[in-house]
Structure formats: structure tokens, C-alpha cells
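Structural characterization, general
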Amino acid sequence: MQHSRREIGMLQKHRDHINEHLDELVKCTNYTRIREECVRINLLSPDMLRNVEDLSGAGFNMSKEDSQLEQHRRLLIKITKRGPAAYNQLITVLRNVGSLQAVKLLEDVSEQNSGSPFISINERKITRKSADIVDTPSPSAVAVADRNGACVSKREYNEAGGPLIPYTEPVDGQKRDVKKSDRVHTDEVVGTYNMQSQHYRGVLLMINIIDFPDTERKRNGAEVDSDSLIHLFREMGFTIFAYNNMNQEQFFDTLGKVTSSKYAQQTECFVMVLMTHGERVGEMDKVEFGDGSVVDVHKIKNYFQASVSPYLVHKPKVLIFPFCRGREPDLGQPINHFDSIGTAASRLSRQEETVVETEGRPSTYTNVPSLSDTLVCYASTPGYVTHRDAESGSWYIQTFCDMMADHAHNTPVEDILKKTNELVGHMRTSKGSMQTGSFDNLGFNKKLYFNPGFYTE
């Protein structure tokens, strides 16, 4: 049996649709307006635009009109090479500049393909026409315990329970061009975390739980996110520890080993990405492991307290949790349809709690906060699902990798996260569902520049 080839970057059907209708798209769009909007939402960087518009002598004998026509065509072709999220971003650009005819032309391709890559777990047993796929919520632990059978991903990374050895194998997928720094960036106002070592720049612990006891809940497309993250952080100079399909015991055992290892002791920065199914019960985020067990996210964050992971004290720690935080699709809010000030104030007053004030005084102690220098990043807000393409990976992880590749050379990580959240916020499923990324700053009081490709020691 011949296996189908996994598509890398923009889906082939989307790339073909743009190329087949290139002349029509050029005719019904305004080049000046879309070029500016592409840069504004970071679909293209200024450098990319300059390359598009540099005809390198080819335009010497062209009229001004012909030169712009060629640049217009090259811009659209360039977008077909900008990754899996670029097609939806182009639709956003065209909608923002009022090119509704072009929007309709691009949206039509989804209607032509009944085998849409987006499937919602909640709708899977009802219809196959959904254009939504979400990292679906975890059922109760009791329901999970009753399941039988398993599905095992063939992709092998580090062995859970095995020796702690950096993962150095090649990966598939899109190879982003990660811009390199020309200096170590600093900030004189708030300070910067030290990121200048050649060999101890950072550690990435990546766990991607793809397969579950219920084979219907396999996280299709998640392998693409693993490949993207591994390639990105290698380009950043990080030491990689990559795992698939851990149970809860294996996860906490590995987390403890990595955070207490020589790699953590020597590193300047620690990043962890945990990709799995998530849920929110009451006010508590929970995640599911490959054995069906469920744990509070709070328990995971506690592993980064100073008393548990002393090697990471005062070092920047970035925890990325791109799983669902509830069951609801975020359908947004219609414009000009908001609560009145009085209604909002009334609701707020009911939520207020008594605050106990404590007098502050200068400290003479040498202790450190229990949990500090930590960013906790989420792909959605509490109560809502996240979206993942079965062929090209999750909206959040793929956009994050794009933004890191383009901006980590001169931009602090919090600004990269803001840009990631903005771009993901422009994306919609065919049913209008969206997601809003967020992050919590837990004593992350300095700026973190990754300074890829530049080191002083």
C-alpha cells in the first residue's frame, strides 16, 4: 500500500488554488494596499517584501505598470511558501483591505473539498462536514479508565525512563529560516536574562502526547508541531529532550530528571512545551496523559518552584501549554453588542473578595520567591478550546514558530508571544470559531532575548 505524502507548509490544495487563480487575484486586488497589510499583520516581513519587489534587473525594460504587476504576482507566490497558516492569513489581509471578491475566491476552495482536514471531536459521530478540529477536552478519569485499546504513534524520540540523552536525530517538516542576531541584546531599564553562551544557551523539554487509549481521540497533525519546535530550538542553540506518548508517572519522572540534571544546572534558559488534551474543571486547568490519567496543571507548575528545581532559580523559564482549557468554542462577540457599564460593574462587584493588607518592610533575608522568572503560555483563554489542523499542526504552535524564526534575533519573548496571540486571533474556522492566546507573568521581571546565532562565551 502506498502511503500518502504528508504535506509540509501550506496545504497543496491551497497553494494550487492560488497559483491557478493568480491572474484573477491580481486583477481584483490592490497591490499597494495588500503589501502594506501583509507587513502590518506580519504575514511578510519588510525584508521579504524588499526581496519580492527587487526585480534584479528584470524590470529594467518594463513599464512602471508591468513592474508592479510582476511584483504583485511575486507577492502572492511568496505567500504560498509562508507556512500552514499563511492561507488563512492571506484571507484576513484581503478581508481587511476590502477585497471581498478575492476573499470569496479563496474561501471557495474549502467548499470544493469534502474531505476537510478539520474535524471536531464533539461532532465526529454526527457529521464529517465540520471545518473545525480542536484539541478536545478530557473526559472524567472514571470514563477514561473504562476504555480499552490503544493507538501508538510510530515517531520515536527520547525513550521515557531511559538515560537522559539529548535528541539529535533529523526531523521532517518545514525548515524555517531563523534569523540570527548580530549582538547580545540588553535593556537598561528592566535588565535582561543572560543569554550569550554557545554551549549552554537553553534546554527544551518537549512532550507531545498524540495517542490515547481511545483511538478516536488521537491528536492528528500533532507530529508536525514536534518537528517545527525541534528544528526551531536547534536553530536557537538549545539542547533538546523530546518525548512522545508518556503516561503520568513517566512525565513527572522525566521532568524531575531534566530539571535536576547537569543540563539544567548549566543552562541559561529552560523551555517546556506540553502538548496533549486539556480540560478545565471549576477554576482548575487539567491535562491528560497517554494512559488516560488526568492531573492539575498547578501540580506541573509546582515543579518549577525554587525548592524543587534549585538549578533553575533566577533563570528564565517559559512553559508553553497549547491545550484546551474548556469545552466551548470561542465564537467571539458581535461588534457593538456589549454589556452596559452598569451591568458589568454589578457583575464585578459580586465577584470581589475581601483583601487583607500586609505591611511591607525592607527585607534582610536571602530567600527567593517560590515561583519566579516564569512565563506560562496558553493557546486559549479559560473555558475555550484550541484548534489544530490535522495536516499542518496547531494554529498556536505553528504561528509561534513563525514569529520566533522572524523576530527572536532582536525581539524579547513577551513581545513575540503578543504577536503570536494577535495573529492567531485573526484566524477562524469555517464556523467562525476563534481562539485567544494568553500568558501569565510569574515574576518574569527581566527581558528575555534569545540572541540566536550570537554568543560571547
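Here, every reference points to the structure presented above.
As a starting point, this report considers the structure included with it. Everything numeric here is computed off the predicted structure, so don't read it as measured data. (Residues numbered from 1 in each chain as written. Predicted model: local features only at pLDDT ≥ 70, side-chain atom pairs only at ≥ 80, totals over all residues. Heavy atoms only, no water.)

1. Some points on the overall build of the protein chain
- If you tally the helices and strands in the protein chain, you get 15 helices and twelve strands.
- In the protein chain, buried positions account for 50% of the 457 residues.
- Nonlocal contacts in the protein chain, meaning residues at least 24 apart in sequence, comprise 80% of its contacts between residues at least 6 apart. (Helix = DSSP H or I, 4+ residues; strand = E, 2+ residues; numbered from the N terminus. Buried < 20%, exposed > 50% of the residue type's maximum accessible area, 1.4 Å probe, protein only. Contact = heavy atoms within 4.5 Å.)

2. Regarding the pattern of salt bridges
- This structure, assessed with the given rule, holds 16 salt bridges.
- The residue Arg-73 makes a salt bridge to Asp-23 at a minimum N-O spacing of 2.4 Å. Remark: Asp-23 occurs in helix α2 (residues 22–27) and Arg-73 occurs in helix α5 (residues 64–79); sequence separation between them is 50 residues.
- Between Lys-286 and Asp-296 there is a salt bridge, and its shortest N-O distance comes to 2.3 Å. With Lys-286 in strand β6 (residues 284–288) and Asp-296 in strand β7 (residues 294–296), this residue pair connects regions lying ten residues apart in the sequence.
- Salt bridges sharing partners connect three or more residues here, namely Asp-47, Arg-50 and Lys-179. (Salt bridge = Lys/Arg side-chain N within 4 Å of Asp/Glu carboxyl O.)

3. Let's talk about the pairing of strand β3 (residues 238–244)
- With seven of seven residues buried, β3 is to be regarded as a mostly interior element.
- Side-chain alternation along β3 places Phe-238, Ile-240, Ala-242 and Asn-244 on one buried face and Thr-239, Phe-241 and Tyr-243 on a second face that is also buried.
- Of the crossover connections in this fold, the one passing from strand β2 (residues 202–208) over helix α9 (residues 222–235) to the parallel β3 is right-handed. (Right-handed = clockwise from strand over helix to strand, strands pointing away.)

4. Some words on the packing of aromatic side chains
- Under the defined criterion, the tally for this structure stands at eleven aromatic pairs.
- Here Phe-238 and Phe-450 contribute two aromatic rings whose centre-to-centre distance is 6.0 Å and whose plane-to-plane angle is 45°, an arrangement assigned as tilted. Of this pair, Phe-238 sits in strand β3 while Phe-450 is found in the segment after β12 (438–442), placing the two residues 212 residues apart along the sequence. With respect to class, Phe-238 is no different from Phe-450; both count as buried.
- Judged by centre distance (6.1 Å) and plane angle (50°), the rings of Phe-321 and Tyr-378 are tilted. One end of the pair, Phe-321, is in strand β8 (residues 317–321); the other, Tyr-378, is in strand β9 (residues 374–378), with 57 residues separating them in the sequence.
- Exposure remark for Tyr-378: the relative accessible area of 2% places this residue in the buried category.
- Ring pairing ties together the aromatic residues Phe-251, Phe-252, Phe-289 and Tyr-303, which thus form one cluster.
- Looking at Arg-217, its charged tip hangs above the ring of Phe-212, at a distance of 5.5 Å from the centre. (Phe/Tyr/Trp six-rings, centres within 6.5 Å; stacked < 30°, edge-to-face > 60°. Lys NZ or Arg CZ within 6 Å of the ring centre and 35° of its normal.)

5. Remarks on the sheet that holds β7
- Taken in spatial order, the three strands of this open sheet run β5-β6-β7, and their pairing is antiparallel. Each of the sheet's edge strands pairs with one partner strand only, and the pair in question is β5 (278–281) and β7. Averaged over neighbouring strand pairs, the angle between their axes works out to 35° when direction is ignored.
- Across three bridges, β6 lies against β7 in antiparallel orientation. Of the residues in β7, the one forming a bridge with Val-287 is Val-295. (Pairing = 2+ DSSP bridges. Axes fitted to C-alpha atoms, helices over the stretch in contact; angles between N-to-C directions.)

6. Side note on the sheet that holds β8
- Taken in spatial order, the six strands make up an open sheet running β3-β2-β4-β8-β9-β12, and their pairing is mixed. Two strands in the sheet have a free side with no partner beyond their single neighbour: β3 and β12. Taking each pair of neighbouring strands and ignoring which way they run, the sheet shows an average axis angle of 10°.
- Pairing analysis gives five bridges linking β8 to β9, with the strands arranged parallel. The residue bridging Ile-320 from the neighbouring strand is Cys-377, located in β9.
- Each of β2, β3 and β4 (270–275) touches α9; the most contacted strand, β2, lies at about 175° to it.

7. Here we look at the nonpolar core
- Within the largest apolar cluster, 69 residues are counted, with the highest numbers of intra-cluster contacts made by Leu-75, Phe-233, Phe-238 and Phe-450.
- With seven residues, helix α14 (residues 395–407) is the largest single contributor of residues to this core.
- If sequence neighbours within four positions are ignored, Phe-450 has contacts with Met-195, Arg-201, Phe-233, Met-236, Phe-238, Cys-269, Met-404, Ala-408 and Val-413.
- Ranked by size, the runner-up nonpolar core spans 28 residues in total, among them Met-246, Phe-270, Met-272 and Phe-321. (Core = buried A, V, L, I, M, F, W, Y, C linked by side-chain atoms within 4.5 Å.)

8. Regarding the side chain of Thr-374
- You can see Thr-374 is positioned in strand β9.
- Taking relative accessible area as the criterion, Thr-374 reaches 1% and is therefore assigned buried.
- If sequence neighbours within four positions are ignored, Thr-374 has contacts with Lys-317, Leu-319, Asp-440, Asn-441, Leu-442, Gly-443 and Phe-444.

9. Description of unusual backbone geometry
- Of note, the phi angle at His-314 is positive, near 70°, even though the residue is not glycine.
- Residue placement: His-314 occurs in the loop between α12 (297–302) and β8.
- A positive phi is found at Asn-451, a non-glycine position, where the angle reads about 50°.
- Tracing the backbone through its elements, the reader meets Asn-451 in the segment after β12.

10. Things to note about the packing of α9 against α14
- Relative to each other, α9 and α14 sit at 20°, their axes nearing to 10 Å. The orientation of α9 relative to α14 falls into the category roughly parallel. Of the two possible hands of crossing, α9 and α14 adopt the one that is left-handed. Contacts from Val-224, Asp-225, Ser-228, Leu-229, Leu-232 and Phe-233 of α9 reach α14 at Ile-397, Gln-398, Phe-400, Cys-401, Met-404 and Ala-405.
- Per-class residue counts for the contact of α9 with α14 are nine nonpolar, two polar and one charged. (Parallel < 35°, antiparallel > 145°, perpendicular 65-115°, else oblique. Left-handed = near helix turned anticlockwise from the far one by under 90°. Nonpolar A, V, L, I, M, F, W, Y, C, P; charged D, E, K, R; others polar.)

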